[in-house]
Amino acid sequence: MGLITKTDANPFFVKMKEGALRRAVALGVELRTFAGLYDGDSESQVQAIETLLAEGAQGILITPSDPAALDGPVGRARQAGVLVIALDTPFDPPNAVDATFATDNFRAGELVGMWSRARMGAAATEARIVTLDLSSVQVTVDVLRNQGFLEGFGIDIGNPRRMYDEDDPRIVGSGATMGTEAGGRSAMERLMREHPSINLVYAINEPAAGAYAALRALGVADNVLIVTIDGSCSGVSSVAAGEFGATVMQYPLRMATLGVEAVVEFFETGRRPTNTPGLDFHDTGTALVTDVPAPGGPSIGTGRGLRDCWG
C-alpha cells in the first residue's frame with residue numbers, strides 16, 4: 001500500500017507518516033511513502049499514484065494537494081481495483097474516493113470562529129479580520145476551514161463556492177501562505193502595511209500562524225488576536241505562551257491508523273470502508289484548545305492539550 005502526503009515540510013504530515021508506518025509494521029504490511037515537494041505540488045502526487053499502480057499497490061492513502069487535479073489518476077486507480085482513501089483533505093465530490101478519514105474542517109473553523117467572536121465581545125462588530133489561507137487555488141480543506149471560521153464568527157459566507165463574501169467590511173484582507181511559516185510571515189507583513197488596523201488573524205494552520213513573529217517584530221503582537229487550526233504540541237505551547245489565542249486540535253495519527261486498518265481489511269476481506277452517500281466521511285475529531293474559555297463552545301486547556309496533542 002502507499003501513503004501520499006502533501007509535503008514532508010509540514011510537521012502535521014510528518015506525524016501522519018510516522019503513524020501510518022508504525023501501524024503498517026504492527027499489521028505486517030508493506031507501506032511505501034511519497035510526498036510533494038511543497039503544499040500544492042500535485043504533479044509529484046500524480047507521479048506517486050502512477051508508481052504505486054505500476055508496482056501493484058492494493059491501497060492508496062492520500063492527502064490531496066489539489067483534489068481536482070487528481071481526479072483522473074485516482075479514477076484510474078479505482079478502476080484498477082485499488083482502494084483509495086483520502087486523509088485530511090476531502091475530494092469534491094467525496095465519492096471520488098472510497099472513503100475519507102479527516103477532521104471535520106468546517107467544524108474546526110466554526111469552533112475557532114465562535115470562540116473569537118465570544119472572546120472579542122462587543123468589539124466583534126468592529127473587527128478587522130485577515131485570513132491567512134493556503135493558496136490561491138481553492139482546495140477543499142482551505143475553503144471549509146475558512147468558511148467555518150467566518151460563519152462561526154457571524155459573517156455570511158455568501159456563495160458557498162467562494163471563500164467568503166468579500167463585501168463584508170470586517171474582512172480587510174487575505175494572503176496565500178502555502179501553509180508555511182515563511183508564507184505566514186511575509187503575508188502578515190504585507191497585510192499590516194496595507195491594513196494597520198488589523199486586530200484578528202485567522203490562519204489556516206499553525207505554521208502559517210508563524211505570522212506572530214511578524215507582528216512581534218512590528219511591535220503590535222499584543223494588539224492582534226491570532227487563532228488557528230492544527231493542535232500540534234508546539235502549537236499548543238504557543239497558546240500557553242499567549243502567542244495564539246486558541247487552536248483547534250486535529251488527530252493525524254488517528255487518521256493514519258484508521259486509513260491503514262481500512263486498507264488491510266480490504267486486503268483480507270475485500271470489504272471497502274463504505275461508499276454509501278453521506279456515510280463515506282469518517283470524522284477523526286476536533287478539540288478547541290485555549291486557556292481563556294469562552295461561553296457557548298466546548299474547549300480544553302493547554303495542559304490537557306499537551307497530553308493529547310496529535311495523538
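Above: the structure in question.
Residues numbered from 1 in each chain as written. Predicted model: local features only at pLDDT ≥ 70, side-chain atom pairs only at ≥ 80, totals over all residues. Heavy atoms only, no water.

### A closer look at the overall build of the protein chain
From N to C terminus, the protein chain includes 10 helices and 12 strands. The globule rule puts the C-alpha radius of gyration for 311 residues at 19 Å, and the 19 Å found for the protein chain is close to it. Along the three orthogonal principal directions, the C-alpha set of the protein chain runs to about 55 × 40 × 35 Å. For the protein chain, with 311 residues in total, the buried portion stands at 54%. Across the protein chain, contacts joining residues at least 24 apart in sequence account for 69% of those joining residues at least 6 apart. Accessible surface for the protein chain amounts to roughly 12600 Å². Of this, 49% is attributable to carbon and sulfur atoms. Averaging the locations of the 25 positively and 38 negatively charged side chains of the protein chain gives two centres separated by 4 Å. (Helix = DSSP H or I, 4+ residues; strand = E, 2+ residues; numbered from the N terminus. Rg over C-alpha atoms; globule rule 2.2 N^0.38 Å. Buried < 20%, exposed > 50% of the residue type's maximum accessible area, 1.4 Å probe, protein only. Contact = heavy atoms within 4.5 Å. Areas by Shrake-Rupley, 256 points an atom, 1.4 Å probe, with all protein chains shown as cover. Lys, Arg positive; Asp, Glu negative; His and termini not counted. Charge placed at Lys NZ, Arg CZ, Asp CG, Glu CD.)

### What to know about the state of the cysteines
For the structure shown, the criterion picks out 1 disulfide. The disulfide partner of Cys233 is Cys309, and the S-S distance across this bridge is 1.9 Å. The sign of the S-S torsion, about 80°, decides the handedness of the disulfide formed by Cys233 and Cys309: right-handed. One end of the pair, Cys233, is in helix H8 (residues 233-240); the other, Cys309, is in the segment after helix H10 (302-308), and 76 residues separate them in sequence. When its relative accessible area of 36% is taken as the criterion, Cys233 is described as partly exposed. (Disulfide = S-S within 2.5 Å.)

### A few points about the nonpolar core
Grouped together as the largest cluster of nonpolar side chains are 48 residues, with contacts concentrated most on Met188 and Val227. For this core, the element with the highest residue contribution is helix H4 (residues 105-120), accounting for 5 residues. When residues no more than four places from it in sequence are discounted, the contact partners of Met188 are Val130, Leu132, Ile198, Val201, Ala211, Ala214 and Leu215. Of all hydrophobic cores here, the second largest spans 23 residues; its members include Met1, Leu31, Leu61 and Ala256. (Core = buried A, V, L, I, M, F, W, Y, C linked by side-chain atoms within 4.5 Å.)

### Remarks on the sheet that holds strand E1 (residues 2-5)
Pairing in this open sheet of 6 strands is parallel, and the strands run E2-E1-E3-E4-E5-E11 from one edge to the other. Pairing within the sheet leaves two strands with one partner each, and these edge strands are strand E2 (32-35) and strand E11 (281-283). Across the sheet, the mean angle separating the axes of adjacent strands is 20° when strand polarity is ignored. Of the strand pairs in this sheet, strand E4 (residues 83-87) and strand E5 (residues 99-102) are connected by 3 bridges, and their pairing is parallel. Along E5, the bridge assignment pairs Ala86 with Thr100. (Pairing = 2+ DSSP bridges. Axes fitted to C-alpha atoms, helices over the stretch in contact; angles between N-to-C directions.)

### Regarding the pairing of strand E9 (residues 225-230)
The element E9 is extensively covered by neighbouring structure, given that 6 of its 6 residues are classed as buried. With 3 bridges joining them, strand E8 (residues 200-203) and E9 adopt parallel strand pairing. The partner of Val201 across the bridge, within E9, is Ile226. This β-α-β element, E8 to helix H7 (residues 211-218) to E9, shows right-handed connectivity. The sheet contact formed by E9 and strand E10 (residues 246-249) spans 4 bridges and is parallel. Residue pairing for E10: Asp230 is matched across the bridge by Met249. In this fold, E9 hands off to H8, which returns the chain to E10; that crossover is right-handed. (Right-handed = clockwise from strand over helix to strand, strands pointing away.)

### Quick word on unusual backbone geometry
A cis amide bond, omega 5°, links Asp92 with the succeeding residue Pro93. In this model, Asp88 sits at a positive phi of 75°, which is unusual for a non-glycine residue. Within the fold, Asp88 resides in the loop between E4 and E5. Residue class for Asp88 comes out buried when judged on its relative accessible area of 3%.

### Brief notes about the packing of H4 against helix H5 (residues 140-153)
Packing of H4 against H5 leaves a shortest axis separation of 6 Å and a crossing angle of 30°. By the angle between their axes, H4 is roughly parallel relative to H5. Crossing hand, H4 versus H5: right-handed. Every residue of H5 that contacts H4 at Asn105, Phe106, Gly109, Glu110, Val112, Gly113, Met114, Ser116, Arg117 and Met120 is listed here: Val141, Leu144, Arg145, Gln147, Gly148, Phe149, Glu151, Gly152 and Phe153. Classifying every residue of the contact of H4 with H5 by side-chain character gives 8 nonpolar, 7 polar and 4 charged. (Parallel < 35°, antiparallel > 145°, perpendicular 65-115°, else oblique. Left-handed = near helix turned anticlockwise from the far one by under 90°. Nonpolar A, V, L, I, M, F, W, Y, C, P; charged D, E, K, R; others polar.)

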